[in-house]
Amino acid sequence: MSRFVILSLTLMVFINSSSFPNTVATPPGTYQNHTTYVKTACNSTTYPMMCYNSLSSYSATIKSDPIKLCTTSLNLNVKSAKNSTLVVSNLLQKAKAAKSHEVSILKDCVDEMKDTIDELKQAVAEMKYVRGRGKTTEEHLKNVMTWVSSALTYEGTCTDGFEEGKVNVETKKKVKKAVSQLSKTTSNTLALLTHYLSY
């Protein structure tokens, strides 16, 4: 009888200690929680709906990580800057073909937009060094925020030229629309950096 009990206990220990694979099911609310995190983060920006629409599809990647949140926003910001620059560049090419007086103003705007792209790219590169806490990380973050702020300034300078010069109404409208969208995106990125990574 005792041998049977010992054999039974040994068998139970073996079963419990066997290396059966542990399958952990993903909680049903995980995706929803990540999406909620992005939505909450975007509520801290000037243009929350625009922010959420651009970042929500990346919520599974961002999860609840503020660094991934800001890095994703910066990468999308660069893409937006390139698209806006393309709009102005195409208008410049048309103005050159028509030998329009708008050429110099559009060229200045394109130069400003290219500077915006450069500033944002430097911010993206610098974000790789923003990890944890400490003086070094804080310094890198300050650099990121400085470059994003500079990008916002360049965008504003581009549209200032259209206020001062005589430009075709339709051209002015297209440029302002493209740059306005970009400025809102950059403003949102700066807000996320300020609210989620500033010390």
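Residues numbered from 1 in each chain as written. Predicted model: local features only at pLDDT ≥ 70, side-chain atom pairs only at ≥ 80, totals over all residues. Heavy atoms only, no water.

The name given to the chain in an unreviewed UniProt entry is Invertase/pectin methylesterase inhibitor family protein, with Arabidopsis lyrata subsp. lyrata as the source organism.

1. Topic: the overall build of the chain
What the chain contains, in helices and strands, is 8 helices and 0 strands. For the chain, the sequential pattern of α-helices and β-strands runs α-α-α-α-α-α-α-α. Buried positions account for 37% of the 199 residues belonging to the chain. Intrachain contacts of the chain at a sequence separation of at least 6 include 73% that bridge at least 24 residues. Accessible surface, the chain: about 12200 Å² in total, of which carbon and sulfur atoms supply 57%. (Helix = DSSP H or I, 4+ residues; strand = E, 2+ residues; numbered from the N terminus. Buried < 20%, exposed > 50% of the residue type's maximum accessible area, 1.4 Å probe, protein only. Contact = heavy atoms within 4.5 Å. Areas by Shrake-Rupley, 256 points an atom, 1.4 Å probe, with all protein chains shown as cover.)

2. Quick word on the side chain of Thr85
Take Thr85: it is sitting in helix α5 (residues 66–97). Of the residues examined, Thr85 reaches a relative accessible area of 7% and is grouped as buried.

3. Comments concerning the pattern of salt bridges
Close approach of charged atoms lets side chains of opposite charge pair. What the rule picks out here adds up to 2 salt bridges. The partner of Lys107 in a salt bridge is Asp111, and the shortest N-O contact between them spans 3.5 Å. You can see Lys107 and its partner Asp111 sitting in helix α6 (residues 103–127), 4 residues apart, about one turn around the helix. We classify Asp111 as partly exposed; its relative accessible area is 33%. Across the pair Lys142 and Glu138 runs a salt bridge whose closest N-O atoms are separated by 3.9 Å. Residue Lys142 and its partner Glu138 are both found in helix α7 (residues 135–164); the two are separated by 4 residues, about one turn of the helix. (Salt bridge = Lys/Arg side-chain N within 4 Å of Asp/Glu carboxyl O.)

4. Focus: the environment of Thr46
Within the secondary structure, Thr46 is located in the loop between α2 (30–42) and α3 (48–55). If we ignore the near neighbours within four places in the chain, the residues touching Thr46 are Ser187 and Asn188.

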